[in-house]
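This is what each chain is made of:
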Amino acid sequence: KHGFVSKTPKVTINPVNISYIEQHINKFLSGNTIKKEDGFYYVELEKLGFNKLLGDGRVSMKFKIKTPYASKSAIEKVKEAGGEVIGLQISEKTQ
């Protein structure tokens with residue numbers, strides 16, 4: 001074998017837009033994958049099969065979203081609507 005082999009494990013990113021969650025909120029609520037408490041929708045993206053939140057679309061509901069990865073625009077949109085994004089892994093790369 002020749003060449004460089006990366007020793008860092010590859011993480012497969014499976015992204016989802018915030019608009020997709022809002023459009024399918026009733027389906028997720030009936031499937032017990034999202035809970036609603038105190039006016040917030042509690043979402044664990046990994047239970048839905050995703051691990052990154054993207055900010056496409058408008059946010060009209062209050063979410064508390066647990067995800068290892070999220071774009072800056074997604075975090076800003078969730079916070080503007082009165083929610084929060086938790087469980088983020090801190091990236092070691094600086095841009």
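What you are looking at is a predicted structure, and each value in this text was computed from that prediction instead of being measured.

A. Inspection of the side chain of S19 at higher detail. Assignment of secondary structure puts S19 in helix α1 (residues 18-23). When residues no more than four places from it in sequence are discounted, the contact partners of S19 are D56 and G57.

B. Seen up close, the side chain of N51. Assignment of secondary structure puts N51 in the loop between α3 (45-48) and β4 (52-54). Reaching out from N51, the side chain makes a polar contact with the backbone nitrogen of N14 at a distance of 2.6 Å. Setting aside residues up to four positions removed in sequence, N51 forms contacts with V11, T12, I13, N14, E46, T67, P68 and Y69.

C. Region of the structure containing the packing of aromatic side chains. What the rule picks out here adds up to three aromatic pairs. With a centroid separation of 6.0 Å and an interplanar angle of 70°, the aromatic rings of Y20 and F50 are classed as edge-to-face. One end of the pair, Y20, is in helix α1; the other, F50, is in the loop between α3 and β4, with 30 residues separating them in the sequence. We classify Y20 as partly exposed; its relative accessible area is 30%.

D. Up close: the sheet that holds strand β6 (residues 69-70). In space, the three strands of this open sheet follow the order β1-β4-β6, with parallel pairing throughout. The open sheet has two edge strands, β1 (15-17) and β6, and neither has a second partner. Sheet topology places β4 next to β6; two bridges connect them, and they run parallel. Counterpart to K52 in the pairing with β6 is Y69.

E. Seen up close, the environment of F63. Mapped onto the fold, F63 is located in strand β5 (residues 63-66). For F63, a relative accessible area of 0% translates into the label buried. Each C-alpha atom, one on F63 and one on N51, is 16 Å from the other, the two residues being 12 residues apart in sequence. Not counting residues up to four positions away in its chain, the partners in contact with F63 are I18, I21, E22, I25, F40, Y41, V43, V78, G83 and E84.

Rules behind the numbers
- Residues numbered from 1 in each chain as written.
- Predicted model: local features only at pLDDT ≥ 70, side-chain atom pairs only at ≥ 80, totals over all residues.
- Heavy atoms only, no water.
- Helix = DSSP H or I, 4+ residues; strand = E, 2+ residues; numbered from the N terminus.
- Contact = heavy atoms within 4.5 Å.
- Polar contact = N/O pair within 3.5 Å; in protein donor to acceptor, adjacent residues only side chain to side chain.
- Phe/Tyr/Trp six-rings, centres within 6.5 Å; stacked < 30°, edge-to-face > 60°.
- Buried < 20%, exposed > 50% of the residue type's maximum accessible area, 1.4 Å probe, protein only.
- Pairing = 2+ DSSP bridges.

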